[in-house]
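Take a look at the letters that make up each chain.
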Amino acid sequence: LAAQPSAIFRFAPDLHSPYTLQFSMGVERQLAKSLTLAANYINTHGVKLFRSRDVNAPPPPYLQRPDSAVGVSRELESAGRSETHALELLLRGKISRFFNGTVQYTLGRAYNNTGGINARLANNYDLTWEWSRPDFDERHRFNLLGAIEVGDWFNLGMTLSLVSGRPYTLTTGRDDNKEGNANERPAGTPRNSLQGPGAATLDL
């Protein structure tokens with residue numbers, strides 16, 4: 001163990017705290033005495049997000065590390081960014097004679113180029129294909145929350161959630177660039193290019 005080169009984790013000289021810019025606009029319409037319909041657009045931008053990169057990774061043609069006396073030299077940078085768009089439709093109130101609650105549908109799209117401090121890049125020298133869908137991106141989400149009321153002696157509460165699948169990354173399982181992580185992707189393949197299954201949850 002003593003012969004193994006040291007691993008280093010350090011801050012980039014120009015490191016800054018990340019911040020988020022968000023704006024939204026919407027319209028709301030009263031359809032009946034106790035029923036309201038709303039539509040909202042939400043836009044979010046993440047700026048100077050944290051991303052870590054191995055600055056001592058073997059450069060092409062991936063033969064050896066530039067500093068052989070040091071192993072992984074992971075540097076925390078303020079180089080990430082994100083962009084999110086979402087359209088939300090909301091119907092709330094007494095929807096029918098027997099049902100009182102909230103129905104919500106969200107159509108969204110999110111992109112970023114960082115998975116956070118602990119994420120490992122597929123290639124520390126080529127970040128072209130890192131701008132893609134984040135792990136948490138869900139294109140469609142439907143929520144229904146309310147109660148079915150029949151008379152004075154029966155009340156059924158319910159929650160229904162339907163969500164489209166989240167993305168995941170196609171990898172080769174190899175470490176062709178000798179960085180110590182077997183997370184290489186096929187050439188020209190973005191991060192999180194595949195689509196996982198959706199999910200449905202019903203509580204009564």
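These numbers come from a predicted model, not from an experiment.

### Remarks on the overall build of the chain
Here's step 1: Looking only at helices and strands, one finds zero helices and ten strands in the chain.
Here's step 2: Moving toward the C terminus, one meets the helices and strands of the chain in the order β-β-β-β-β-β-β-β-β-β.
Here's step 3: The globule rule puts the C-alpha radius of gyration for 204 residues at 17 Å, and the 24 Å found for the chain is more than 25% above it.
Here's step 4: With the principal axes as the frame, the chain shows a C-alpha extent of 80 × 35 × 30 Å.
Here's step 5: Contacts in the chain between residues at least 24 apart in sequence constitute 66% of all its contacts with a sequence separation of at least 6.
Here's step 6: When the accessible area of the chain is evaluated, it comes to approximately 12700 Å², of which 57% is carbon and sulfur surface.
Here's step 7: Across the chain, 22 positive and 20 negative side-chain charges occur, with their mean positions spaced 5 Å apart.

### Observations regarding the pattern of salt bridges
Here's step 1: If you walk through the whole model with that rule in mind, you get twelve salt bridges.
Here's step 2: Put simply, Glu130 and Arg185 hold a salt bridge, and the shortest N to O gap is 3.0 Å. Of this pair, Glu130 sits in the loop between β5 (99-112) and β6 (140-150) while Arg185 sits in the loop between β8 (167-168) and β9 (194-195), placing them 55 residues apart in sequence.
Here's step 3: A salt bridge links Asp137 to Arg133; its shortest N-O distance comes to 2.5 Å.
Here's step 4: Taking the relative accessible area as the measure of exposure, Asp137 reaches 3% and is therefore buried.

### Here we look at the side chain of Thr106
Here's step 1: Tracing the backbone through its elements, the reader meets Thr106 in strand β5.
Here's step 2: Judged by its relative accessible area of 18%, Thr106 falls in the buried class.
Here's step 3: Once residues lying within four places of it in the same chain are set aside, the contact partners of Thr106 are Ala86, Leu87, Glu88, Arg139, His140 and Arg141.

Calculation rules
- Residues numbered from 1 in each chain as written.
- Predicted model: local features only at pLDDT ≥ 70, side-chain atom pairs only at ≥ 80, totals over all residues.
- Heavy atoms only, no water.
- Helix = DSSP H or I, 4+ residues; strand = E, 2+ residues; numbered from the N terminus.
- Rg over C-alpha atoms; globule rule 2.2 N^0.38 Å.
- Contact = heavy atoms within 4.5 Å.
- Areas by Shrake-Rupley, 256 points an atom, 1.4 Å probe, with all protein chains shown as cover.
- Lys, Arg positive; Asp, Glu negative; His and termini not counted.
- Charge placed at Lys NZ, Arg CZ, Asp CG, Glu CD.
- Salt bridge = Lys/Arg side-chain N within 4 Å of Asp/Glu carboxyl O.
- Buried < 20%, exposed > 50% of the residue type's maximum accessible area, 1.4 Å probe, protein only.

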